[in-house]
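# Analysis of the macromolecular model
The residues making up each chain are set out below.
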Amino acid sequence: QVQLVESGGGLVQAGGSLRLSCAISGGIFSTDVVGWYHQAPGKQRELVVTITSTGRTTYGDSVNGRFAISRDNAKNTVYLHMNSLTPDDSGVYYCKARLKRSKYSYYQDYWGQGTQVTVSS
């Protein structure tokens, strides 16, 4: 069973930093694109950043150079480094991975359960 487990969320003051982790496990043959998505209360989920297996990144519009993504392929873990946090960054952060479970299967998208980030002013 594929599992994406996010961790590292919590309460932080404005201007502070957090590092989120997304650990991917469960009989995986290959992981392609992994991304972080943010859902603020009452709003739609939106892209924060994605990273491919070769390290190419794509950032969403709201990041403005404050966040960075990194990937440890040996550990099958992706990190989101968040700096200069503002109250608008509050919400649930979800990890999504496009992966295949065997050499002959297709790539599919899997989501984690999310981790809550609260930024106080």
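Throughout what follows, the structure given in this document is the object of discussion. (Residues numbered from 1 in each chain as written. Predicted model: local features only at pLDDT ≥ 70, side-chain atom pairs only at ≥ 80, totals over all residues. Heavy atoms only, no water.)

On to the packing of aromatic side chains, then. One pass over the full model with this rule turns up two aromatic pairs. Look at Y94 and W111: their rings are 6.4 Å apart centre to centre, the planes differ by 85°, and that puts the pair in the edge-to-face class. Of this pair, Y94 sits in strand 9 (residues 91-100) while W111 is found in strand 10 (residues 108-111), placing the two residues 17 residues apart along the sequence. Note on Y94: relative accessible area 13%, which makes it buried. Three or more aromatic residues joined by ring pairs make a cluster, and in this case those are Y37, Y94 and W111. A cation over an aromatic ring shows up here: R45 above the ring of W111, its NZ or CZ 4.7 Å from the ring centre. (Phe/Tyr/Trp six-rings, centres within 6.5 Å; stacked < 30°, edge-to-face > 60°. Helix = DSSP H or I, 4+ residues; strand = E, 2+ residues; numbered from the N terminus. Buried < 20%, exposed > 50% of the residue type's maximum accessible area, 1.4 Å probe, protein only. Lys NZ or Arg CZ within 6 Å of the ring centre and 35° of its normal.)

On to the nonpolar core, then. When a protein is soluble and globular, its nonpolar side chains tend to lie buried together. Ranked by internal contacts, the top residues of the largest apolar core, which has 25 residues, are W36, V48, F67, L80, M82 and Y93. For this core, the elements supplying multiple residues, two or more each, are strand 3 (18-25), strand 4 (30-39), strand 5 (46-51), strand 7 (67-72), strand 8 (77-82), strand 9 and strand 11 (115-120). Apart from the residues within four sequence positions on either side, Y93 is in contact with E6, L20, W36, Y37, H38, V48, F67, L80, M82, G114, T115 and V117. (Core = buried A, V, L, I, M, F, W, Y, C linked by side-chain atoms within 4.5 Å. Contact = heavy atoms within 4.5 Å.)

By the secondary structure assignment, I28 is in the loop between strand 3 and strand 4. Note: C-alpha distance between I28 and Q1 (27 residues apart in sequence) is 9.1 Å. Here I28 is in contact with V2, N76, L99 and K100, once residues within four sequence places are set aside.

What follows concerns the pattern of salt bridges. The tally for this structure, following the rule as stated, stands at three salt bridges. D89 is the partner of R66 in a salt bridge, and the nearest nitrogen-oxygen pair spans 2.7 Å. Here D89 lies in the loop between strand 8 and strand 9 and R66 lies in the loop between strand 6 (57-59) and strand 7, a separation of 23 residues in the sequence. Owing to a relative accessible area of 6%, D89 belongs among the buried residues under this scheme. Connected through salt bridges with shared partners, the residues K96, R98 and D109 form a single ionic network. (Salt bridge = Lys/Arg side-chain N within 4 Å of Asp/Glu carboxyl O.)

Attention shifts here to the sheet that holds strand 7. Ordered by their spatial adjacency, four strands build an open sheet running 1-3-8-7, and the pairing between neighbours is antiparallel. One side of each edge strand has no neighbouring strand; the edge strands of this open sheet are strand 1 (3-7) and strand 7. Sheet twist, expressed as the mean angle between neighbouring strand axes with direction ignored, is 15°. Of the pairings in the sheet, the one linking strand 1 to strand 3 comprises five bridges and is antiparallel in character. Note that in strand 3 the partner of L4 across the bridge is I24. (Pairing = 2+ DSSP bridges. Axes fitted to C-alpha atoms, helices over the stretch in contact; angles between N-to-C directions.)

Here the focus is the side chain of S21. Among the structural elements, S21 can be located in strand 3. Of the residues examined, S21 reaches a relative accessible area of 14% and is grouped as buried. The residues touching S21, leaving out its near neighbours within four places in the chain, are V5, E6, S7, W36, T77, V78 and Y79.

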